[in-house]
Amino acid sequence: MKAKLRLCSALAVFTAFVLALSGCGASSGTGAYYDSASSTAAYESEMAYPEEPAAAPADGMTADRSAFSAGDFTVSSSPNRKIIWTVGMDVETLEFDSFLPALEEQITGTGGYIESSSVSGNGINDSHGYRYGSVTARIPTGKLDTFLNTVSGMCNVTHTDKSSNDITLDYVDTETRKASLEIEEERLLALLEQATDLESIIQLESRLSEVRYQLDSYNSTLRNYDSLVDYSTVNISISEVARVSAQPEKTAGDRIRTGFAESLYSIQNGFTEFGIWLAVNSPFLALWLVFIGVIVLVTLLSVKRARKKAARRAAQAPRPNLYPTAPAAPAMPPLPPMPPVQPAAPAAPPAQDANRNGPENK
């Protein structure tokens with residue numbers, strides 16, 4: 001519906017353009033495009049675009065838009081569908097050097113070609129020394145499944161994804177617009193042959209250039225669509241390994257055996273990698289040991305020197321009394337002066353007791 005509206009709009013604009021050119025030619029007095037009114041009407045009726053393009057698509061695809069409905073994508077015949085296939089594969093190989101030439105031979109054998117490729121790894125800083133590669137190949141769509149099966153038999157495939165993009169509607173739209181522009185180009189050429197006014201010739205040639213530019217763009221788009229549809233894109237990521245990944249087992253016993261074997265291999269590989277790492281980095285480790293040894297030696301010498309200084313200072317210092325005496329009592333304040341002592345009176349003789357029996361009383 002939208003295409004018909006666009007077609008009617010273009011028809012109306014172009015008819016008005018032709019009428020304006022005819023009026024300009026008549027007013028200029030230099031001559032008109034046509035000799036009579038009847039011929040003018042005939043050419044104007046000739047400029048009316050048909051409901052459907054006269055030229056059918058080159059591949060036999062119908063240009064009828066009724067085959068497509070909004071929200072419900074359907075095609076009248078499946079062989080005419082335009083589908084772009086894209087495949088991605090992750091593979092492992094033990095023989096990296098022989099796998100790449102064999103893969104290239106398979107690609108060229110199917111009639112395809114390599115679009116891009118790259119190889120990395122095996123450098124001086126790689127720990128394992130394994131290489132990685134990627135190949136983008138264009139394979140004829142009719143031989144895509146055969147090619148994928150062949151590659152699966154040459155290596156261990158760990159991952160595969162396949163996607164499609166149906167561009168049938170876009171392809172039909174492009175072909176319809178191209179057919180309409182081709183009809184417009186024919187009409188412009190017919191008008192240009194009969195034009196005598198310089199201004200009209202310039203305008204017709206300008207429009208003809210625009211039409212041809214759009215035709216080249218549509219032709220380029222269609223060629224790109226054809227290339228993507230006829231040749232599927234296959235992206236292959238290649239990894240060089242020392243051991244391919246084990247296939248998953250179904251039973252519990254098989255899973256236990258596989259897991260135990262993988263654990264033993266991981267332990268063995270871990271020790272091997274550690275030995276390789278130790279041998280490779282031994283110069284750096286030796287430098288670190290020398291550096292650490294120098295630091296430890298300097299520290300021990302500093303501690304020893306500090307102890308000697310402490311002992312020398314202790315010997316030069318006065319030795320304290322091993323048996324300390326009690327601290328002396330604080331000095332008493334001086335006593336006040338004593339008054340002079342008076343001589344005491346002589347004592348009286350003791351009185352004799354009359355009752356005492358002494359020798360005198362006898």
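Computed from a prediction, not measured in an experiment: that's the story for all the values here.

Caption draft 1: Here's a closer look at the overall build of the protein chain. When helices and strands are tallied, the protein chain shows eight helices and five strands. Overall, the protein chain shows an N-to-C arrangement of helices and strands of α-α-β-α-β-β-α-β-α-α-β-α-α. Taking all 362 residues of the protein chain together, the buried fraction comes to 21%. For the protein chain, the accessible area works out to roughly 25,800 Å², and carbon and sulfur atoms hold 59% of it.

Caption draft 2: Expanded view of the packing of helix α5 (residues 168–194) against helix α6 (residues 198–230). Viewed as axis vectors pointing N to C, α5 and α6 meet at an angle of 155°, and their least axial separation amounts to 9 Å. By the angle class used here, α5 and α6 are roughly antiparallel. As α5 packs across α6, the resulting crossing turns out to be left-handed.

Caption draft 3: A look at the pairing of strand β1 (residues 83–93). Bridging between β1 and strand β4 (residues 156–166) involves 10 bridges; their strand directions are antiparallel. Bridge pairing in β4 places Ile84 opposite Asn165. Here eight bridges tie β1 to strand β5 (residues 231–240), and the two strands are oriented parallel to one another. When the bridges of β5 are listed, Val91 appears paired with Ile238.

Caption draft 4: How the structure looks around the pattern of salt bridges. On inspection of all chains with the given rule, the structure shows nine salt bridges. Salt-bridge contacts for Arg138 lead to Glu115; the nearest nitrogen and oxygen are separated by 3.4 Å. Residue Arg138 is found in strand β3 (residues 131–140), and its partner Glu115 is found in strand β2 (residues 113–121); the two are separated by 23 residues along the sequence. A relative accessible area of 4% places Arg138 in the buried class. One salt bridge connects Arg212 with Glu185, and the closest N-O pair in it is separated by 3.1 Å.

Caption draft 5: Up close: the sheet that holds β3. The strand order across the open sheet formed by five strands is β2-β3-β5-β1-β4, and the pairing between neighbours is mixed. Edge positions in the sheet fall to β2 and β4, since each has one partner strand and no second. Ignoring strand direction, the axes of neighbouring strands in this sheet form an average angle of 10°. Packed onto the sheet, helix α3 (residues 96–109) meets β1, β2, β3 and β5 and runs at close to 10° relative to β3. With respect to the sheet, helix α4 (residues 144–154) is in contact with β1, β3, β4 and β5, its orientation differing from that of β1 by roughly 5°.

What counts as what
- Residues numbered from 1 in each chain as written.
- Predicted model: local features only at pLDDT ≥ 70, side-chain atom pairs only at ≥ 80, totals over all residues.
- Heavy atoms only, no water.
- Helix = DSSP H or I, 4+ residues; strand = E, 2+ residues; numbered from the N terminus.
- Buried < 20%, exposed > 50% of the residue type's maximum accessible area, 1.4 Å probe, protein only.
- Areas by Shrake-Rupley, 256 points an atom, 1.4 Å probe, with all protein chains shown as cover.
- Axes fitted to C-alpha atoms, helices over the stretch in contact; angles between N-to-C directions.
- Parallel < 35°, antiparallel > 145°, perpendicular 65-115°, else oblique.
- Left-handed = near helix turned anticlockwise from the far one by under 90°.
- Pairing = 2+ DSSP bridges.
- Salt bridge = Lys/Arg side-chain N within 4 Å of Asp/Glu carboxyl O.
- Contact = heavy atoms within 4.5 Å.

Purely geometric numbers; function is a separate question.
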